[in-house]
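# Architecture and fold: a report
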Amino acid sequence: DDSSVLLIDGHGSMGWDGESSNLINIDTDGTERWRVTFEDSRPMMTASAADLLVVNLVETGESTGGGQHGGGMGGGGMGQGNSALVALDLVSGVELWTFTPDEPAMLRAQISEDGSIVYVVATTTPDMGSTPRGQGDHGFGSQGVSTLFAFDRFGDLLWSLELGDN
């Protein structure tokens, strides 16, 4: 049972200005166990089980990735506002694997209780300007398509299932 605390420390304007952000793990006695820096991305929602931690990263600037963890965005980076998922070892903070969808998407992750399977729902985020205001959900056009992915703890894809339009 890991009862440490995770903190997000963003530089600039809450880390949303293309600067780096830190994910910091603090032990129960107040000592810093590890710190991971994400360049041009902001760690958002996290999920953990056993010794596995997954972090949803949202790009904050017009970046091409890079840096210590480059947000797992390597290979040319992501477009503005895209998401990626990074799996870290909860004890050490070492990056284990990353998942970046083929299309821009918002990601939500959940881990099985024993940490053996990571479930990720990826909802595509089509161009918000493609549908005139008022003709789509909240005037932002189509909400995209959701797909459920299942990965093993090592980042290998087990299966995926398209859930349909939202």
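Cut-offs applied
Residues numbered from 1 in each chain as written. Predicted model: local features only at pLDDT ≥ 70, side-chain atom pairs only at ≥ 80, totals over all residues. Heavy atoms only, no water. Core = buried A, V, L, I, M, F, W, Y, C linked by side-chain atoms within 4.5 Å. Buried < 20%, exposed > 50% of the residue type's maximum accessible area, 1.4 Å probe, protein only. Helix = DSSP H or I, 4+ residues; strand = E, 2+ residues; numbered from the N terminus. Contact = heavy atoms within 4.5 Å. Salt bridge = Lys/Arg side-chain N within 4 Å of Asp/Glu carboxyl O. Patch = residues over 30% accessible without salt bridge, like charges linked within 9 Å, V, L, I, M, F, W, Y side chains within 5 Å. Areas by Shrake-Rupley, 256 points an atom, 1.4 Å probe, with all protein chains shown as cover.

### Points about the nonpolar core
Inside soluble globular proteins, nonpolar side chains tend to come together where they are buried. Residues L85, F99, V118 and V120 are the most contacted members of the largest nonpolar core, which totals 16 residues. Of all the secondary-structure elements, those providing two or more residues to this core are β4 (41-49), β5 (52-59), β6 (83-89), β7 (95-99), β8 (105-111), β9 (117-124) and β10 (145-152). Dropping the residues within four chain positions of it, V120 is found in contact with L85, F99, L107, R108, A109, T147, L148, F149 and F151. The next biggest cluster of nonpolar side chains, apart from the first, holds ten residues, and it includes F38, L53, V86 and L88.

### Quick look at the pattern of salt bridges
In this structure the tally under the stated criterion is two salt bridges. As a salt-bridge pair, D51 and R153 come within 2.4 Å of each other at their nearest N and O atoms. Taken as a pair, D51 in the loop between β4 and β5 and R153 in the loop between β10 and β11 (157-165) lie far apart in primary sequence, 102 residues in all. Judged by its relative accessible area of 30%, D51 falls in the partly exposed class.

### Regarding a nonpolar patch on the surface
Judged by side-chain polarity, Y119, L158, W159, L161 and L163 come together as a nonpolar surface patch covering roughly 460 Å² of accessible area. Tallying contributions element by element places β11 first for the nonpolar patch, with four residues. Its place among the elements puts L161 in strand β11.

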